[in-house]
Amino acid sequence: MADLATRSAKGSALTFLELDNNFTEIDRRTGSGWNDLVSDITVRNGAGSAPDLVAFRDGIYAYGFTPDVLNECFANFHIRHDYIPGTMVYPHIHWTSNTTNTGVVRFGVEYTLARRGDSTGLIAFGATSTLYIEHNVATGEQYRHHVSETSDGNGIPGTNLEVDSMILCRIFRDAGHSNDTFPDPAFMLTADIHYQCDAQSTPLRSPPFF
């Protein structure tokens, strides 16, 4: 981050170059950027195939998503007031492994979304869509913290998203798919959604927000 030019005493003007640089830096600091919506994963026994909580390293336990059974968990995301309406959002999976084996881990993110009921547009949760995330575990990646998203750059379209929308997700390891070749558990740590945000909040508390 660049420094802003200032004067130690009043009465001395900034040069035109200093003013230009200051305006450029202020615009960079206050313009749009990126942020994360983070959700702990929720495991629900009786819903599909819940992963087991198993030893990851030393005294640390985590949910191990196995290579031979489809394990699943759930996460919900609330869209914050600095979200830029209409922009695509990108699910991320934070995970790791504890062996030296290599291969591809394939995750699926099934989702549905809705705006709040006193807004306009899509205000009812509809049929789900699914994104797939594949990560190739290479040699030397034991215990590495992976942050994986779709390799094709696709995310959740922002067409029906606005402030206070909810995105409900079912996240699973697609172990039965031929692309999933990693022979050991993948330890899912958390999930987040990467979204484009404005440096300002919304001027209104309720819809239409702007």
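Residues numbered from 1 in each chain as written. Predicted model: local features only at pLDDT ≥ 70, side-chain atom pairs only at ≥ 80, totals over all residues. Heavy atoms only, no water.

Considering the packing of aromatic side chains
- Per the stated rule, a full pass over the model turns up five aromatic pairs.
- With a centroid separation of 6.1 Å and 50° between ring planes, the pair formed by Trp-34 and Tyr-90 is classed as tilted. Placement of Trp-34 in strand β1 (residues 33–39) and of Tyr-90 in strand β5 (residues 86–96) is noted, with a sequence separation of 56 residues between them.
- Both rings, one in Phe-56 and one in Tyr-143, keep their centres 5.6 Å apart while their planes meet at 80°; by these two values the pair is edge-to-face. Here the residue Phe-56 occupies a position in strand β2 (residues 52–57), and Tyr-143 occupies one in the loop between β7 (129–137) and β8 (146–148), the gap between them amounting to 87 residues.
- A relative accessible area of 29% means that Tyr-143 is categorised as partly exposed.
- A cation sits over an aromatic face here: Arg-106 above Tyr-132, 4.1 Å from the ring centre. (Phe/Tyr/Trp six-rings, centres within 6.5 Å; stacked < 30°, edge-to-face > 60°. Helix = DSSP H or I, 4+ residues; strand = E, 2+ residues; numbered from the N terminus. Buried < 20%, exposed > 50% of the residue type's maximum accessible area, 1.4 Å probe, protein only. Lys NZ or Arg CZ within 6 Å of the ring centre and 35° of its normal.)

Section: the sheet that holds strand β4 (residues 72–78)
- Read across the open sheet, the four strands follow the order β4-β10-β6-β7; overall the sheet is antiparallel. On the outer flanks of this sheet lie β4 and β7, each paired with one strand and no other. Neighbour to neighbour, the strand axes of the sheet diverge by 25° on average, direction disregarded. (Pairing = 2+ DSSP bridges. Axes fitted to C-alpha atoms, helices over the stretch in contact; angles between N-to-C directions.)

A few points about the pattern of salt bridges
- This structure, assessed with the given rule, holds nine salt bridges.
- As a salt-bridge pair, Arg-116 and Asp-118 come within 2.7 Å of each other at their nearest N and O atoms.
- Of the residues examined, Arg-116 reaches a relative accessible area of 23% and is grouped as partly exposed.
- The exposure class assigned to Asp-118 is partly exposed, which follows from its relative accessible area of 49%.
- Where Glu-141 meets Arg-144, a salt bridge forms, and the shortest distance between an N and an O atom there is 3.4 Å.
- Here Arg-144 falls in the partly exposed class, since its relative accessible area comes to 42%.
- One network of salt bridges, in which partners are shared, links Glu-72, Glu-110 and Arg-170. (Salt bridge = Lys/Arg side-chain N within 4 Å of Asp/Glu carboxyl O.)

With respect to the state of the cysteines
- Taken as a whole, this structure holds zero disulfides when the rule is applied.
- Cys-73 carries a free sulfur, and the closest cysteine sulfur to it, the one in Cys-169, is 9.6 Å from it.
- Assessed through its relative accessible area of 0%, Cys-73 is described here as buried. (Disulfide = S-S within 2.5 Å.)

Some details on the pairing of β5
- In terms of burial, β5 is a largely internal element, eight of the eleven residues being buried.
- Two elements, β5 and strand β9 (residues 156–158), share two bridges in a ladder whose sense is antiparallel. Bridge pairing in β9 links Val-89 to Ile-156.
- Bridge analysis of β5 against strand β11 (residues 186–197) gives seven bridges, and the strand direction is antiparallel. Its bridge partner lying in β11, Tyr-90 is registered against His-194.
- Relative to β8, β5 runs antiparallel, the two being bridged by three bridges. Bridged to Ile-93 within β8 is Ser-148.

Observations regarding unusual backbone geometry
- Backbone geometry places Asp-58, a non-glycine residue, at a positive phi of 55°.
- Positioned with a positive phi, Tyr-143 is a non-glycine residue whose angle comes to about 70°.

Section: the side chain of His-146
- By the secondary structure assignment, His-146 is in strand β8.
- Look at His-146 and you get buried, because its relative accessible area is 3%.
- A distance of 3.2 Å separates the side chain of His-146 from the side chain of His-135, its partner in a polar contact.
- Setting aside residues up to four positions removed in sequence, His-146 forms contacts with Ile-93, His-94, Trp-95, Thr-96, His-135 and Glu-141. (Polar contact = N/O pair within 3.5 Å; in protein donor to acceptor, adjacent residues only side chain to side chain. Contact = heavy atoms within 4.5 Å.)

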